[in-house]
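Now for the letters of each chain:
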Amino acid sequence: MTEAILDRLGRLGRFFWSGWAGLAGLSLLAALWQAGHEAYGDFILPAPAATLRAAWDLLAEPKHWDIALATIRRAMQGFALAAALGTATGLAAGYSPATMRIARPLLTILIGVPPIAWIVLAMIWFGSTDGTIATTVVVAAAPVVFVGAAEGAATRDRSLDDMARVFGASALFRLRSIGLRHVAAHLFPALALALGSAIKVAVMAELLANTGGIGGALASARANLDIAAALAWVLLAVGALIMLEYGVLHPIRAEFERWREAARPWGVKR
Amino acid sequence: MNALTLRAVGHAFFGRTVLDGIDLAVATGEIVALVGPSGCGKSTLVHIAAGLVEPSRGQVARGYRQHGMVFQEPRLLPWAKARDNIAYPLRISGPRRAERRRLAEAAAERVAFAAEDLDKYPAELSGGMRQRVAIARALVGEPDFLYFDEPFTALDVALKRRMQDLVIEAARKARFAALFVTHDLAEAARIAHRIAVLDAGGRGIAGFRALPGAPGERDARLLFDLVQHFEHADALFRHIHDVDERRIA
Ligand SMILES: Nc1ncnc2c1ncn2[C@@H]1O[C@H](COP(=O)(O)OP(=O)(O)OP(=O)(O)O)[C@@H](O)[C@H]1O
Ligand SMILES: [Mg+2]
């Protein structure tokens, strides 16, 4: 028991420790940004420190929290729907080649229509409401999830399935104990991608549909030519994405993928 | 009643016939060794008998309660520790977690799998250790019929003997019957009551040889003589002999 807790703490520690590398990458970006600021001046590109401060000031006001949370809420609505829809149809397609053949052309069309067209359509259908944003997010994010789930299910190890059948496992138990484990490996990268595009598309749709949220704040910053505020809002959107990805998605994934760490050659392990 | 009966079983993959006219019966508590040259359809026959593959022709009658199998490859779940791989069949049939853990540990001990390795993932185990996990997994549910598809090929000589003794011992204690595929005539002679030789050209079973005495009671001298006789004087085993020579070359 204590061993399990220690193991978990150790993994958590390594997770945070690996954050230093990420921080180094971010510092590099900040340095380039600072150079751009010094070359072009405050009006084109405010300094990173100033932007950070502007973002901090934004967060100090509760009404700004509501704006950011509105965007996150809409993005998560769309993302949850896209994840459920994409996973379910992807699994069906991965397990049944006939479904796959029907789904392929639909997917091509879905991916082929530009997101902007979906926003226009959704605005006509739902007006300036949450529904417009969520619909656009679903359309943008579901195909990615679908492909991940279908790919995972189609490339599952059939010899393991046979092994389970020999020992008398039902189809449901095989799906639970083998199919989903395999699908997860393909699904998590797809979900991370879908989460990123959910937030991006939500902001874009808000801006175009004029429904408030971070997109709305960006629109008014543009109207006022307030580049500092625009950058600060972008920073907040990115921050929200990072928090969702590293706070929710990665820990779940780490639980699922612990064995991969064991499979790595020693020396790279830590 | 027989533990397993195959009647006129035949199978074709994409129109290419691999097995034809197989008649084979395994009595309760009997171990039948199945030998034949590489690629003659031994694995296919075992998969048909276990119900993994639907045969194109013929019938399979299973008179046993439950079976287990050791595949030609270990087929372990890469994301599960050795302990959980061994316990996998128990998750299907239902004992509680603590009980599963105890049974898995007991099964690991029977196949000489060290307890401190139970918390390793398959990627951290050697080939022979993986195969022992697969053997423990087949034994853990206490089946009354076992399919072995060349289970000991990845093991060294000493361990191979130990595993053979284990199978003989377990078969006698638990009274399970088994269909045991092997390339190795000495192994077949040690372990089985009867040897079935599969025809190289896919024309059914070429013949049977009953072995004197009971498995585990044949001494080294007798085993040596049996194998010598099979390899040099018995026409039934000519093709096996060919395969062995090709393997050495
Ligand atoms: N899933 C499959 N699809 C098509 N052909 C197959 C399939 N499985 C086996 N075969 C063919 O059937 C024949 C018998 O294969 P099988 O695996 O049963 O041989 P085997 O006797 O077990 O050989 P070995 O001793 O090398 O394991 C081979 O020629 C192989 O090419
Ligand atoms: Mg084989």
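Conventions adopted
- Residues numbered from 1 in each chain as written.
- Chains lettered and ligands numbered in written order.
- Predicted model: local features only at pLDDT ≥ 70, side-chain atom pairs only at ≥ 80, totals over all residues.
- Heavy atoms only, no water.
- Near = heavy atom within 4 Å.
- Polar contact = N/O pair within 3.5 Å; in protein donor to acceptor, adjacent residues only side chain to side chain.
- Areas by Shrake-Rupley, 256 points an atom, 1.4 Å probe, with all protein chains shown as cover.
- Helix = DSSP H or I, 4+ residues; strand = E, 2+ residues; numbered from the N terminus.
- Donors = N, O, S within 2.8 Å, 3.2 Å for Na, K, Ca; no water.
- Domains from an automatic or database assignment.
- Contact = heavy atoms within 4.5 Å.
- Buried area = accessible area lost by both parts, 1.4 Å probe.
- Salt bridge = Lys/Arg side-chain N within 4 Å of Asp/Glu carboxyl O.
- Buried < 20%, exposed > 50% of the residue type's maximum accessible area, 1.4 Å probe, protein only.
- Axes fitted to C-alpha atoms, helices over the stretch in contact; angles between N-to-C directions.
- Left-handed = near helix turned anticlockwise from the far one by under 90°.
- Pairing = 2+ DSSP bridges.

All names here are of chain B. Around ligand 1, 14 residues are found, and the nearest of them are Ser38, Lys42, Ser43, Thr44 and Gln72. A distance of 3.3 Å is found between an oxygen atom of ligand 1 and a backbone nitrogen or oxygen belonging to Cys40. Between ligand 1 and Gln72, the relevant distance is 2.8 Å, taken from an oxygen atom to a side-chain nitrogen or oxygen of the residue. Relative to its free-state accessible area of 630 Å², ligand 1 is covered by the protein chains to the extent of 64%. Listing elements by their share of the shell around ligand 1, those giving two or more residues are strand 2 (16-26) and helix 1 (42-49). Top element by residues in the shell around ligand 1 is helix 1. It accounts for 3 residues.

Below, the discussion takes up the coordination of the magnesium ion (ligand 2). Around the magnesium ion (ligand 2), the protein contributes the donor atoms Ser43 of chain B (OG) and Gln72 of chain B (OE1), at 1.9 to 2.2 Å from the metal centre. Placement of Ser43 of chain B in helix 1 and of Gln72 of chain B in the loop between strand 5 (67-70) and helix 2 (82-93) is noted, with a sequence separation of 29 residues between them.

It is worth spelling out the domain arrangement of chain A at this point. When the parts come together, some accessible area is lost, and that loss is often what is quoted as the size of the interface. All names here are of chain A. Domain annotation for chain A reports domain 1 (1-42) and domain 2 (46-257). Taking only C-alpha atoms into account, the centre of domain 1 sits 23 Å from that of domain 2. At the interface, 8 residues of domain 1 touch 10 residues of domain 2. Regarding the contact of domain 1 and domain 2, the summed buried area is about 750 Å², with carbon and sulfur atoms giving 60% of it. Looking at the side of domain 1 facing domain 2, the largest losses of area belong to Phe15, Trp33 and Asp42, adding up to 59% of the total buried there. Along the contact surface separating domain 1 from domain 2 lie 0 salt bridges. In this structure, the connection of domain 1 to domain 2 is made through 2 residue pairs in polar contact (both at pLDDT 80 or more). Of all the elements in the fold, those that place two or more residues in the side of domain 1 that touches domain 2 are helix 1 (2-17) and helix 2 (19-40). Ranked by residues supplied to the side of domain 1 that touches domain 2, first place goes to helix 2 with 4 residues.

What follows deals with the environment of Phe71 of chain B. Residues and elements named next belong to chain B. Of note, Phe71 is situated in the loop between strand 5 and helix 2. Given a relative accessible area of 1%, Phe71 falls into the buried group. The sequence separation of Phe71 and Ala138 amounts to 67 residues, and the corresponding C-alpha distance is 9.4 Å.

Between two packed helices, both the angle of their axes relative to each other and the distance between the axes serve to describe the pair. The N-to-C vectors of helix 4 (residues 62-95) of chain A and helix 9 (residues 171-209) of chain A enclose an angle of 145 degrees; their axes lie 8 Å apart at closest approach. Crossing geometry of helix 4 of chain A relative to helix 9 of chain A is assigned as right-handed.

Here we come to the side chain of Asp117 of chain B. Residues and elements named next belong to chain B. Inspection of the secondary structure assignment puts Asp117 in the loop between helix 3 (97-110) and helix 4 (127-140). On the accessibility criterion, Asp117 (12% relative accessible area) is buried. Only 3.0 Å separates the side chain of Asp117 from the side chain of Lys120, close enough to count as a polar contact. Excluding its chain neighbours within four sequence positions, the residues that come into contact with Asp117 are Ala82, Leu125 and Met129.

Another point: the sheet that holds strand 1 (residues 4-13) of chain B. Residue and element names in this part refer to chain B. An order of 2-1-4 is seen for the 3 strands of this open sheet, with the pairing classed as antiparallel. The open sheet is flanked by strand 2 and strand 4 (57-62), the only strands paired with a single partner. Strand-to-strand twist across the sheet, computed as the mean angle between neighbouring axes with direction ignored, equals 20 degrees. In this sheet, strand 4 lies alongside strand 1 in antiparallel orientation, the contact comprising 5 bridges. Counterpart to Thr5 in the pairing with strand 4 is Ala61. Of the strands in this sheet, strand 1, strand 2 and strand 4 touch helix 1, which is tilted by about 125 degrees from strand 1.

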